[in-house]
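The lines below spell out each chain.
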Amino acid sequence: MKIIEFIKNKKLLFSTLGLFLIVSFVSISYASMNTSMMITGSAYVRVDEEIRVVGIKFLHTENEGYETYKAKYSKNSTNMYTTLPNINSKITYQVEIENKSDHVYLVSDITGDLVNPNITYTVEDGIVKVVPKNSKILVNITFQYNSDSLLSDTTQIATMNYKFEKPTASHLQFDNNKVNTECKNVQCALDELYGKFSNTSAVKSKFVQAYSYNQKVRTSDYCVTGEESTCQKTECYKTKSVDSCKSGTIIEYRVNDNEIASFHVMYDNGDTMTMQTQKNTLDSTPWYENSTNNSKGPITVLTKLEEVTRDWDNVNNQEYIMGVTEFGTGKYKSKYTGCNSTTCNKNVYTLEKRVSKARMITTQESWDLGCTNERRSCPIWLYNYLSEATLYGGTNEGNTSNKAYWAMNADSANVENGFTVTRSGLILYYPTTQTGRGARAVVVVSK
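Residues numbered from 1 in each chain as written. Predicted model: local features only at pLDDT ≥ 70, side-chain atom pairs only at ≥ 80, totals over all residues. Heavy atoms only, no water.

Caption draft 1: How the structure looks around the state of the cysteines. In total, this model carries 4 disulfides according to the counting rule given. Each sulfur of the disulfide joining Cys223 and Cys231 lies 2.1 Å from the other. Handedness of the Cys223-Cys231 disulfide follows from its S-S torsion of about 90°: it is right-handed. Covalently, Cys236 is tied to Cys245 through a disulfide, its sulfur atoms 2.0 Å apart. A torsion of 100° about the S-S bond marks the disulfide between Cys236 and Cys245 as right-handed. (Disulfide = S-S within 2.5 Å.)

Below is the structure:
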């Protein structure tokens, strides 16, 4: 019986195998007679919009507000999930919108769908925004309570919707008597302004954000870098009066169309402000690399600083003559390029007139801001972000190996030295050929 069963199973196996080979042969033969193959199905491609939301980030918070979940974005909307545990809690997001087209767009409306009606929002600098061609803008949105009493629900789920439009006559309030134009009707004026928008970045806010400076620890408005949760925003740059922006004020400033840098105000003259970058603009650059004689001036570092800031179109040109132009705002104000540890008393070097976007701080200016040759005499912002600055009261060390940055002045007592602001919060002189020092850009901007 087993032999008969084996023979039957073997016959079945050969029959199945034969059938498979026949089907395969027919299929291959049929395929060889065709020169094309059709594949059906569906594919999904994300459309590259002319203008759309391209990013969102948590910017800062006040009084313990925080993100419940990470914010999300799509082409014309954002979703924020926040928790405000205290009645004075706030949280601010920064939305990035990009216009990839060759014409101007408007963000003509921003609306919010809010789950919690007790938490509302504000859009910084108004809702309507101009987005120049081939550029990006940043929109700051803050959530806060709209009542004086804290309710049980401290969370908010908000969907913000952004309406994008090309500008039309309906978006323009036009008075021909007040506008410098040859046009005699609204549409003509719109076309003219449209052309201006399309070819300038002036419509962008140069001042991105500003915070009041306070280095006193354990205070409610403590703020050294602008990143602390206790920082308080300020719009002092909108007031054209002397010292409306106090020394140390943190300014996030758009130096050109593509770059935003953080600065600290050195002094405010009313119409203009002189500011220094928060971190080194240059690293590891000697004061003057070809000589130990400081009578040549800081040619190496100054020239390189001018080169790397040449495209900072939104800062003013500075014209000055070293040895003639006076620097400083207080009792140390003088024209001299040579200084000892307490006074600038003679010209060790002179330079012909320079016209540039940036220069370095002078010893006179550092003294007026409080620096001496004693450790920790400088305000923290002047030496923060230097290597090992935290050993001397600094809050950040940054990404530099440099422990100092150069000033414009030479040591009047030793021909080998130039002045530097150091990680220990003082200003002192060091050999001009040393490379372990950089430079911070000092700029002048209009309010």
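Caption draft 2: Spotlight on the nonpolar core. Counting 36 residues, the largest nonpolar core has Ile251, Tyr253, Met273, Met275 and Val443 as the members making the most contacts within it. The set of elements that each furnish at least two residues to this core consists of β10 (207-211), β11 (250-256), β12 (259-268), β13 (272-277), α3 (299-308), β18 (404-411) and β21 (442-446). Setting aside its immediate chain neighbours within four residues, Ile251 contacts Phe207, Gln209, Ala210, Tyr237, Ala261, Ser262, Phe263, Val265, Met273 and Met275. Judged by nonpolar contacts, the second largest core, of 29 residues, contains Ile250, Leu369, Cys371 and Ile380. (Core = buried A, V, L, I, M, F, W, Y, C linked by side-chain atoms within 4.5 Å. Buried < 20%, exposed > 50% of the residue type's maximum accessible area, 1.4 Å probe, protein only. Helix = DSSP H or I, 4+ residues; strand = E, 2+ residues; numbered from the N terminus. Contact = heavy atoms within 4.5 Å.)

Caption draft 3: Structural detail: the pairing of strand β9 (residues 155-165). Residues Gln156, Ala158, Met160, Tyr162 and Phe164 of β9 are buried on one face, while the alternating residues Thr155, Ile157, Thr159, Asn161, Lys163 and Glu165, pointing to the opposite face, are not. Across 7 bridges, the pairing between strand β3 (residues 77-83) and β9 is antiparallel. Bridge pairing links Met80 to Ala158 in β9. When strand β5 (residues 105-114) meets β9, the two strands line up antiparallel, connected through 8 bridges. Its bridge partner lying in β9, Ile110 is registered against Tyr162. (Pairing = 2+ DSSP bridges.)

Caption draft 4: Structural detail: the sheet that holds strand β6 (residues 119-123). Ordered by their spatial adjacency, 4 strands build an open sheet running β1-β4-β8-β6, and the pairing between neighbours is antiparallel. Looking at which strands have only one partner, the edges of the open sheet turn out to be β1 (51-62) and β6. Direction aside, the axes of adjacent strands within the sheet are offset by 25° on average. (Axes fitted to C-alpha atoms, helices over the stretch in contact; angles between N-to-C directions.)

That is the geometry; function is a separate question.
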